[in-house]
Amino acid sequence: MSSSGFRRTCTTAIATVLALTGLAACGSDDDSSAGGKTRITVNCMPPKSAKIDRQSFEDDMKAFEKANPDIDVVGRDAFPCQDPKTFDAKLAGGQMEDVFYTYFTDAGHVVDINQAADITSYVKDMKGYGDIQQSLRDVYTVDGKVYGIPRTNYSMGLLYNKKLFQQAGLDPDSPPATWEEVRAAAKKIAGLGKGYVGYADYSAQNQGGWHFTAEMYSQGGDVVAEDGRTAKVDSPEGRAVLQNLKDMRWNDDSMGSKQLLILNDVQQMMGSGKLGMYLSAPDNVPILVKEKGGRYEDLGLAPMPGGKGTLIGGDGYMFSKKASPAQIRAGLKWLAFETNTPGSGLNDWKRAADLKAPVGLPEPRLWTGATDAEDQKLKKLHANVPVGNYQAFLDGSQQLTAKLEPPKAQQIYSVLDGAVSAVLTRKDADIDKLLKEAQTKIDGILARG
């Protein structure tokens, strides 16, 4: 995110089973020390279609191998970096790369099924590990043992079109801070004329459930109880989320008539200049500009409305249970270079600016201490986006309670999709009934362990 990148990878078949077999045939056990070098396989290499990111990754492998001639890094591309359809199968079959990508929500699961190497005794020697925020290190720490290294983190906020705010008579420098203010602003933007939508939300492919969860957190609610055994969606906060969406959709007509939207739909709407607001992490901003026709000048980011909480997430790397001690040490060296050093690898802000990639977006901070100070200095030096547009997000998000996604997140989101889509597509949707049904289904999911 070298010319050596794919020189020893295998050709895989199209069918999933054959593909997994092909990967196993060139797994880490076969030539982990070929030619006197320690060989590591690493996934989440950008696909060839992402030309700039791919070239940067290959350049990084070359630079790393030159500085560490005893290590051979073999990248394997993937889009998405983690495919839910094959992830568990690769783990169960022992076919995962030596250093493999995971979402924060996967860490406990991978450890539970005994497919992650314990790297506790190795991380003490990893450059910069101690400066990673403790809360993020804790994600990959289970029963006092370390199993992974955080790579990036995010928190949700309210992405809005400053230009439309101005056209609708709203102050573009004072974004909505409550859901009542979101509703009022959405109504004004929708009033600009046919084709304008004040607020959009997802309601399909588990994305509706994801946003329902974020909206619950913003109002101080929870989707799952602290013990992880029971649901909490049938609550005043859950009712408030669905009622607000229903009111905006049917009473205010501020969400447009097209529903069952997913991420790409909403991004297209925002990029076209016809959408006022939607919930988003900062990483949506460059996508809107580079792929959807938006402009950095028009896009602002505010903290989650409601003032109580925000959904956070992120990703990182874990190590295969089959990785040797030498491979673990080599993998940690690679991650220190690629993901955990300001000015290097993914954090080479000068290179990013030279390649016209956005620098200065309000990503949550990965580090503390000296490492964070150096990263902030480099970002400021090479910033090429209007950082003032995101100041409200940076200031306000620090006041919110940060909450990770719930356990069994994707299964729960699938259930909550039904509740969100119902209120957005049926004027007579019964909110109480929807929440009771969702509560029962989620309780069943959690009971299955």
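The rules behind the values
Residues numbered from 1 in each chain as written. Predicted model: local features only at pLDDT ≥ 70, side-chain atom pairs only at ≥ 80, totals over all residues. Heavy atoms only, no water. Helix = DSSP H or I, 4+ residues; strand = E, 2+ residues; numbered from the N terminus. Rg over C-alpha atoms; globule rule 2.2 N^0.38 Å. Buried < 20%, exposed > 50% of the residue type's maximum accessible area, 1.4 Å probe, protein only. Areas by Shrake-Rupley, 256 points an atom, 1.4 Å probe, with all protein chains shown as cover. Lys, Arg positive; Asp, Glu negative; His and termini not counted. Charge placed at Lys NZ, Arg CZ, Asp CG, Glu CD. Polar contact = N/O pair within 3.5 Å; in protein donor to acceptor, adjacent residues only side chain to side chain. Disulfide = S-S within 2.5 Å. Expected span 1.5 Å × (residues − 1). Bend = angle between axes of the 7 residues up to and from the residue. Contact = heavy atoms within 4.5 Å. Salt bridge = Lys/Arg side-chain N within 4 Å of Asp/Glu carboxyl O. Pairing = 2+ DSSP bridges.

(A) Highlighting the overall build of the protein chain. Within the protein chain one finds 18 helices and 12 strands. In summary, the protein chain has a C-alpha radius of gyration of 23 Å against a globular reference of 22 Å for 449 residues, a match within 12%. Over its C-alpha atoms, taken along the principal directions, the protein chain stretches across nearly 70 × 50 × 40 Å. A buried classification covers 53% of the 449 residues belonging to the protein chain. Counting only carbon and sulfur atoms, one obtains 51% of the accessible surface of the protein chain, whose full area is about 19,800 Å². Side-chain charges of the protein chain comprise 53 positive and 57 negative groups, with the mean position of each set lying 3 Å from the other.

(B) Highlighting the side chain of Ser 218. On the secondary structure map, Ser 218 appears in helix α9 (residues 207-218). Side-chain polar atoms of Ser 218 contact the side chain of Trp 179, separated by 2.9 Å. Polar contacts involving the side chain of Ser 218 include one to the main-chain carbonyl oxygen of Pro 305, which spans 3.4 Å.

(C) Local environment of the state of the cysteines. Taken as a whole and judged by the stated rule, the model has 1 disulfide. The partner cysteine of Cys 44 in its disulfide is Cys 81, sulfur to sulfur 2.0 Å. Around the S-S axis, the bridge from Cys 44 to Cys 81 shows a dihedral of about 60° and counts as right-handed. With Cys 44 in strand β1 (residues 38-45) and Cys 81 in the loop between β2 (71-77) and α3 (84-92), this pair connects stretches of sequence that are 37 residues apart.

(D) Representation of helix α17 (residues 409-425) within the structure. With 17 residues, α17 extends 24 Å between its outermost C-alpha atoms, agreeing within 8% with the 24 Å of an ideal straight helix rising 1.5 Å per residue. Maximum bend of α17: about 25°, positioned at Val 415. With 12 of its 17 residues buried, α17 lies for the most part within the structure. Lining the buried residues of α17 we find α9, α10 (236-251), β11 (309-319) and α18 (431-447).

(E) Main features of the pattern of salt bridges. This model, assessed by the stated rule, comprises 19 salt bridges. One salt bridge in this structure joins Asp 222 and Lys 403, with 3.1 Å as the shortest N-O distance. A residue pair is termed long-range when its members are at least 10 positions apart, and Asp 222 in the loop between α9 and α10 and Lys 403 in strand β12 (residues 401-404) qualify at 181 residues. Relative accessible area serves as the criterion here: at 23%, Asp 222 is assigned to the partly exposed category. Residue Arg 426 pairs with Asp 428 through a salt bridge whose shortest N-O separation is 3.8 Å. Shared partners join several salt bridges into a network, and the residues in it are Arg 54, Glu 58 and Asp 77.

(F) Seen up close, the pairing of β11. Within β11, 11 of the 11 residues are buried, leaving the element largely enclosed by the surrounding structure. Residues of β11 alternate between two faces, with Gly 309, Leu 311, Gly 313, Asp 315, Tyr 317 and Phe 319 on one and Thr 310, Ile 312, Gly 314, Gly 316 and Met 318 on the opposite face, all of them buried. Relative to β11, strand β3 (residues 99-103) runs antiparallel, the two being bridged by 5 bridges. When the bridges of β11 are listed, Tyr 101 appears paired with Tyr 317. Two elements, strand β6 (residues 148-155) and β11, share 7 bridges in a ladder whose sense is antiparallel. Bridge pairing in β11 links Ser 155 to Ile 312. Relative to β12, β11 is paired through 4 bridges, and the arrangement is parallel. Bridge pairing in β12 places Ile 312 opposite Leu 404.

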